[in-house]
Structures are given as C-alpha cells and as structure tokens.
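Residues per chain are reported as follows:
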Amino acid sequence: FQVKLPPQKEVITAEELMAHLGDCILSTQPREPSEGLQLNFQQNINDTMTVLPKLSTGLDVNVRFTGVSDFEYTPECIVFDLLNVPLYHGWLVDPQSPEVVKAVGKLSYNQLVEKIITCKQASNSSLVSEGLVAEQFLESTASQLTYHGLCELMATVREDELSVFFRNNHFSTMIKHKGHLYLLVTDQGFLQEERVVWESLHTVDGDSCFCDTDFHLSHALGKEGATAAPPDHWLQQRQVDQQQGQDPLALSDLELARQLQQEEYQQHHHPHP
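Remember, it's a predicted structure, so these values are computed and weren't measured experimentally. The residue numbers shown here count from 1 along each chain, following its written sequence. Only residues with pLDDT of at least 70 get local features here, since the model is predicted, and only at 80 or more are side-chain atom pairs given and counted; chain-wide, interface and lining totals rely on the full set of residues. Calculation of side-chain values draws on the structure's entire complement of heavy atoms; hydrogens and water are dropped beforehand.

> Before we go on, may I ask you to explain the packing of aromatic side chains in this structure?
Aromatic ring pairs: the centre-centre distance and the angle between the two ring planes describe each pair. Any pair of Phe, Tyr and Trp rings, taking the six-membered ring for Trp, is counted once the centres come within 6.5 Å. Such a pair is stacked with planes under 30 degrees apart, edge-to-face with planes over 60 apart, and tilted for the rest. Across all of its chains, the model carries eight aromatic pairs by this definition. A centroid spacing of 5.3 Å and a plane angle of 20° characterise the contact between W198 and F215, whose relative ring orientation is stacked. Taken together, the residues span a long stretch of sequence, with W198 in strand 5 (residues 198-200) and F215 in the loop between strand 6 (210-211) and helix 8 (233-243) at a distance of 17 residues. Exposure remark for F215: the relative accessible area of 16% places this residue in the buried category. Three or more aromatic residues link up through ring pairs in this structure, and these residues are F65, W91, Y109 and F137. Working definition: helices are DSSP H or I runs of at least four residues, strands are E runs of at least two. Numbering for both runs from the N terminus. Burial here depends on accessible area, computed with a 1.4 Å probe over protein chains only, as a share of the maximum for the residue type. Under 20% is buried, over 50% is exposed, and the range in between is partly exposed.

The following block contains the structure:
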C-alpha cells in the first residue's frame, strides 16, 4: 500500500495524514488469517489507533545503548512494526570502553537514570563508582549520538531505505543514498529554501551540509554555497521561535539536550506527588 497525494497538493493537514496512515495500517491485515492471527491483528489495530493521534505531538520511546535498533518495546513501537518502517538511534556505548559497558549494560535510558540515582546513594564504593561512570557517559554523550553509533548506523541502514531516526526527543526521516546518511530538513527556518531538502548525517558534532532533492550540494545558503560551513539551522529555528516568544534563551543543541536530561534527573529526585 502506498500513500498517493494529488500532484499539485503543497500542504497536507495532520488529519489527512493520519487518515492515510490509518488506511496503510488497515491494509496490513493477513489475507488468510487464522483465528489466532486475526485476534492478534485486531489487538494490534486497537493499540495502534490509540497511539496514532500521538504522532502529531510526540511518541514515548526509550532507547537501549546496545544497538541502533534497540528500544524498550512500548505500545508506540507497534506503529513502526505494522508499517514496516525501521526506527533507529545512534546513542551507543563504545565496546572499547569496558568500564562504561559494565556500568550501562543492557539497560534502557530510563533504567540507567534510576540506576545512577540508586548507585550514588549506595554505601558500596564500587557501586558509587559505577554510578558515576554511567552518569559521565550520559553527560559526555548529551547530543545522543556517538561515533560508534554513527558507524553502526552506516553499517546497518540499507541503501535507499527510508527510516526514522530518533535523537534528542525528535524524530527525523532518514535515508541512505550512495553510502551516505541524510535527514529530511523540516526546520521552519528553511521553509522558503526550495533547494534545501536533505541534511547530511556524517559527524557527531553537527557539522553537516545541505542538499537538494537529488542529493546535490545546495548553493542556496550563501555566496560560498554548501562547501562552506553551513549555518546553524537549529539556531535559525530558535530565532524564529524566539520571535514567537517560545524560546527566549535560544539554547544550543547540546545545551538543550543537557537541560532535558537534567529535568529528567530532577523528576526522579523530586517526583511530583
């Protein structure tokens, strides 16, 4: 099943998009289902229809640091399974750091935060040390993409495969084209830049370049074109938000990630009644 939009249609509402996705999900019904398969399919549909409205506001996913496809299985994940859309992240522990591997283990992000809190309150010095190592890992990888994770993404994502990439509470459309990873540009600051469609994903520090719909370097960003250092599109977005009164601090990507993590720590330390 493929979603087809009218050729001249430039804007699609969230409601229209949800309707298309609903049709896609319903089309996954087994052709000759047994009673067990039918019941399982019906349950999946019920779960999916509960999750579907959240797509326009945000899904709750919880990464594990052991692999680019490793997430805690939550009801939200079933949408990706039914539509056969791979979900990836790049927040991995480097296997060449045995102390970190031991401290993080196979825990999810939420479990690791809880472990850090428990270890820091322990009387056993080795547990306290392990908690500090885990905490340092989260702080040093606050951008939620590591070099090992990027290498694993390059090795795992298939050529011309459309997928979803999760990072810093944000979902991006990702594709691998001629051996390179690209993210679909959706920032409001680029709304009028017709030649800016894809952003390369080849470094951890955000040093990327922008391409048009055919993956050719875009020269629409300045006199030097895309061969020069590209503008900080996150900053551009926040400047737009700032004008709208949404982001007076105009935080950097790294600062924002650290702030989000700090808020989670505080919620665990001082849970709301």
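Now that the structure has been shown, the text picks up again.
> Help me understand unusual backbone geometry in this model?
The phi torsion of most residues other than glycine is negative, and most of the peptide bonds are trans. Unusually for a residue other than glycine, D160 sits at a positive phi of about 60°. Relative to the helices and strands, D160 is located in the loop between helix 7 (147-156) and strand 2 (162-167). Note on D160: relative accessible area 48%, which makes it partly exposed.

> Can you help me understand the confidence of the model for the chain in this one?
Any segment with low pLDDT has predicted coordinates that should not be analysed in fine detail. Averaged over the chain, the pLDDT score is 79; the fraction of residues at 70 or greater is 74%. Along the chain, pLDDT gives the predictor's confidence residue by residue, from 0 to 100. The contact criterion used throughout is that any non-hydrogen atoms of two residues lie within 4.5 Å. Counted against residues more than four places away or in other chains, residues 222-253, with its pLDDT under 50, gives 45 contacts.

> What am I meant to see in the environment of L183 here?
Mapped onto the fold, L183 is located in strand 4 (residues 180-184). Sequence separation between L183 and W198 is 15 residues, and the spatial gap between their C-alpha atoms is 5.5 Å. Excluding residues within four positions of it along the chain, L183 makes contact with F165, S172, T173, M174, V197, W198, E199 and L201.

> Can you walk me through the nonpolar core in this structure?
Burial of nonpolar side chains together is a common tendency in soluble globular proteins. Take the buried residues of types Ala, Val, Leu, Ile, Met, Phe, Trp, Tyr and Cys, join any two whose side-chain atoms come within 4.5 Å, and each joined set is a nonpolar core. One finds F65, L112, F137 and L138 to be the most contacted residues of the largest nonpolar core, which totals 31 residues. Put simply, the parts of the chain that give this core at least two residues each are helix 1 (14-26), helix 2 (35-51), helix 3 (77-82), helix 4 (98-104), helix 5 (109-120), helix 6 (125-140) and strand 2. Considering every element that reaches this core, the biggest residue donor is helix 5, with five residues. Two domains each donate at least three residues to this core, and these are domain 1 (1-58) and domain 2 (59-219). Residues within four places of F65 in sequence aside, it is in contact with W91, L92, V93, V104, L107, S108, Y109, L112, F137 and L138. Grouped together as the second largest cluster of nonpolar side chains are 13 residues, L150, V157, M174 and L183 included. Domain boundaries shown here were taken from an automatic or database domain assignment.

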